[in-house]
Amino acid sequence: MKKLETQVVVIGGGATGTAVLRDLAMRGIKAILFERGNLASGTSGNFHGLLHSGARYAVKDPPAAEECIVENRILRQIAPHAIEDTGGFFVALTDEDEEYLSRLVEGCRRVGIPVEVISGSEALKEEPALSPMVRQAVVVPDGSVDSWPLCLGNVNSAKEYGAQVFLYTLVTGILREGDRVVGVRAVDQTSGEEYIVRADYVINATGPWAGKTANLAGIHLPMALDYGTMVVLDHRPVRRAINRCRPPSDGDIIVPVGTTIVLGTTSVPIQDPDDFCIQEWEIDLLLDECAKMVPMIEEMRIQRYYAAVRPLYEPPKKGEVGEGERREVSRAFYVLDHEELDGVGGFITITGGKLTTCRLMAEKTVDLVCAKMGITAPCRTHLEPLPST
């Protein structure tokens, strides 16, 4: 049994957890991160790869849209090696799509997302593989982002500032003394070595597993989980991210990633982030819906398909979320102070959000930690580039 001491323990090695670790370390706070698998082995490593412009949320979730466009610009500055500047189209194919187009443009302009409306013929000139039925397109600053160099860059930066990282090390218990969390118990799943780590604060950055992790501290954290399936096809007929110009729904996006395209996504409610199964109807739906935007998809071959669980959280005051309503849950993020919410000090959860907003999520989380610890060091993660190797 190895005993360690630190100021903050971070649980979770995805985009958010590694960004939290980096921010803590850059502010001079001693921190240790535990991840049960490898970096980005959960939702961060299994999403569709889109660097959001925020346009997808501009109509129904303006705060999330504004966060996305601000962080989109910051990530391009600090992690250019992880991003391809693909650009994006929202394509209108029907009367309903065109009706939504005006709402989309208005919503984007209201939150500062630069957009341009072009004709169908102009869109086809730029993207010849688009359906000849395209009537108009909205040009948005979407991109493609690789989560692995992003997470690795966060970790390498954090280590330069003195942080420690334990991969393949599962947190098996959260230590409490009365009404305060004082550390964690963990086990290395490769060597079997056990750790007891004393800490002033424990940050739960486990995404869809946030509820399970909170349970270790005796805290009930209701999550509104669903999973989304994605299909990878065998080549890349488009240069840009192609979105259907309609409210978010199943099969409405094509993301170019390297030499392939990723079709996404579905939304299927689940109870347990470790217990779900991709269904055949999802694959058929994605192929059918995305082929309406890019018809040659019908002739392409499937390379693989995969799924990820969304870490959706609905504040209790809004009531419970029924099945089939997961797309109505905000994509905003929440920093939960369990001392204030549950009377349990020393424990903070960061949940919700998007990979695009991971740096901002970390900043707000560490702001709370610093306020509680009396630390005045400002956030600098938006100013220093991430290591690229």
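The shown structure was predicted, so the numbers you read here are calculated from the model rather than taken from an experiment.

The rules we used
Residues numbered from 1 in each chain as written. Predicted model: local features only at pLDDT ≥ 70, side-chain atom pairs only at ≥ 80, totals over all residues. Heavy atoms only, no water. Helix = DSSP H or I, 4+ residues; strand = E, 2+ residues; numbered from the N terminus. Buried < 20%, exposed > 50% of the residue type's maximum accessible area, 1.4 Å probe, protein only. Contact = heavy atoms within 4.5 Å. Areas by Shrake-Rupley, 256 points an atom, 1.4 Å probe, with all protein chains shown as cover. Lys, Arg positive; Asp, Glu negative; His and termini not counted. Charge placed at Lys NZ, Arg CZ, Asp CG, Glu CD. Pairing = 2+ DSSP bridges. Axes fitted to C-alpha atoms, helices over the stretch in contact; angles between N-to-C directions.

### Considering the overall build of the protein chain
Here's step 1: Secondary structure assignment for the protein chain yields nine helices and 22 strands.
Here's step 2: With respect to the three principal axes, the spread of C-alpha positions in the protein chain is 65 × 40 × 40 Å.
Here's step 3: Per-residue burial for the protein chain yields a buried fraction of 59% across its 389 residues.
Here's step 4: Across the protein chain, every contact between residues at least 6 apart in sequence was considered, and the portion connecting residues at least 24 apart equals 72%.
Here's step 5: Accessible surface, the protein chain as shown: approximately 15,900 Å² in total, 49% of it carbon and sulfur.
Here's step 6: Once the 40 positive and 54 negative side-chain charges of the protein chain are each reduced to a mean point, those two points are 4 Å apart.

### Details of the sheet that holds strand β2 (residues 8-11)
Here's step 1: Read from one edge to the other, the open sheet built from six strands follows the order β10-β3-β2-β14-β22-β21, with strand pairing classed as mixed. Unpaired on one side and paired on the other, β10 (164-166) and β21 (333-337) mark the two borders of the sheet. Recorded for the sheet is a direction-independent mean angle of 15° between the axes of neighbouring strands.
Here's step 2: The sheet contact formed by β21 and strand β22 (residues 347-352) spans five bridges and is antiparallel. Note that in β22 the partner of Val335 across the bridge is Ile350.
Here's step 3: Helix α1 (residues 15-26) contacts β2, β3 (31-34), β10, β14 (201-204) and β22 of the sheet and is inclined by roughly 170° relative to β3.

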